Amino acid sequence: CTGLSASSSKSSELKVGQRGAYIMHENGEYDLRGCYCALVTADILGLLPDEELTAGMGDFIASCQTYEGGISCSPYGEAHAGYTYCGLACMI
């Protein structure tokens, strides 16, 4: 595991896929869990509000909403209560 050092890690290095999505680990998939973890960590560290960190996140979350009204892990996925929680928590 290479990891990212605190001095070299920027939010743009962790974003992949669509603008506003985050990955949990190197070569990992992007979904709402990454967004949620990024925001919770930034909040604990007192880094919010940060427009670079949250850029495009609202649009990504909106793209994950399904026809049922729930939120899926990524666009075109199946809605799930856990992902809906992560998406709504990110928006608050």
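What should I look at first to understand the nonpolar core in this one?
One broad rule of soluble globular proteins: the nonpolar side chains tend to lie buried together. With 16 residues, the main nonpolar core has Tyr 22, Leu 32, Cys 35, Met 57, Phe 60, Ile 61 and Cys 90 as its most contacted residues. Every element with two or more residues in this core is listed here: helix H2 (32–44), helix H4 (57–63) and helix H5 (81–91). Per element, the largest residue contribution to this core is five residues, and it comes from H2.

Whenever I open this one, a nonpolar patch on the surface confuses me. Can you help?
Where nonpolar side chains cluster on the molecular surface, the patch consists of Val 40, Ile 44, Leu 45 and Leu 47 and spans about 410 Å² of accessible area. Take Leu 45: it is sitting in the loop between H2 and helix H3 (51–54).

Explain the packing of H2 against H5 to me, please; I cannot follow it from the model alone.
Each pair of packed helices can be summarised by the angle the axes make with each other and by the distance between the axes. As a packed pair, H2 and H5 sit with axes 9 Å apart at the nearest point and diverge in direction by 40°. Overall, the two elements H2 and H5 adopt an arrangement that is oblique. In terms of crossing hand, the pair formed by H2 and H5 is left-handed. Taking contact as the criterion, the partners of Leu 32, Arg 33, Cys 35, Tyr 36 and Leu 39 in H2 are, on H5, Tyr 83, Tyr 85, Cys 86, Gly 87, Ala 89 and Cys 90. Classifying every residue of the contact of H2 with H5 by side-chain character gives nine nonpolar, one polar and one charged.

Explain the packing of aromatic side chains to me, please; I cannot follow it from the model alone.
Taken as a whole and judged by the stated rule, the model has two aromatic pairs. Their ring planes at 55° and their centres at 5.9 Å tell us that Tyr 30 and Phe 60 sit as a pair that is tilted. Within this pair, whereas Tyr 30 is found in strand S2 (residues 30–31), its partner Phe 60 is found in helix H4, the two being separated by 30 residues in sequence. The exposure class of Tyr 30 is partly exposed, given its relative accessible area of 29%.

About the criteria used
- Residues numbered from 1 in each chain as written.
- Predicted model: local features only at pLDDT ≥ 70, side-chain atom pairs only at ≥ 80, totals over all residues.
- Heavy atoms only, no water.
- Core = buried A, V, L, I, M, F, W, Y, C linked by side-chain atoms within 4.5 Å.
- Buried < 20%, exposed > 50% of the residue type's maximum accessible area, 1.4 Å probe, protein only.
- Helix = DSSP H or I, 4+ residues; strand = E, 2+ residues; numbered from the N terminus.
- Patch = residues over 30% accessible without salt bridge, like charges linked within 9 Å, V, L, I, M, F, W, Y side chains within 5 Å.
- Areas by Shrake-Rupley, 256 points an atom, 1.4 Å probe, with all protein chains shown as cover.
- Salt bridge = Lys/Arg side-chain N within 4 Å of Asp/Glu carboxyl O.
- Axes fitted to C-alpha atoms, helices over the stretch in contact; angles between N-to-C directions.
- Parallel < 35°, antiparallel > 145°, perpendicular 65-115°, else oblique.
- Left-handed = near helix turned anticlockwise from the far one by under 90°.
- Contact = heavy atoms within 4.5 Å.
- Nonpolar A, V, L, I, M, F, W, Y, C, P; charged D, E, K, R; others polar.
- Phe/Tyr/Trp six-rings, centres within 6.5 Å; stacked < 30°, edge-to-face > 60°.

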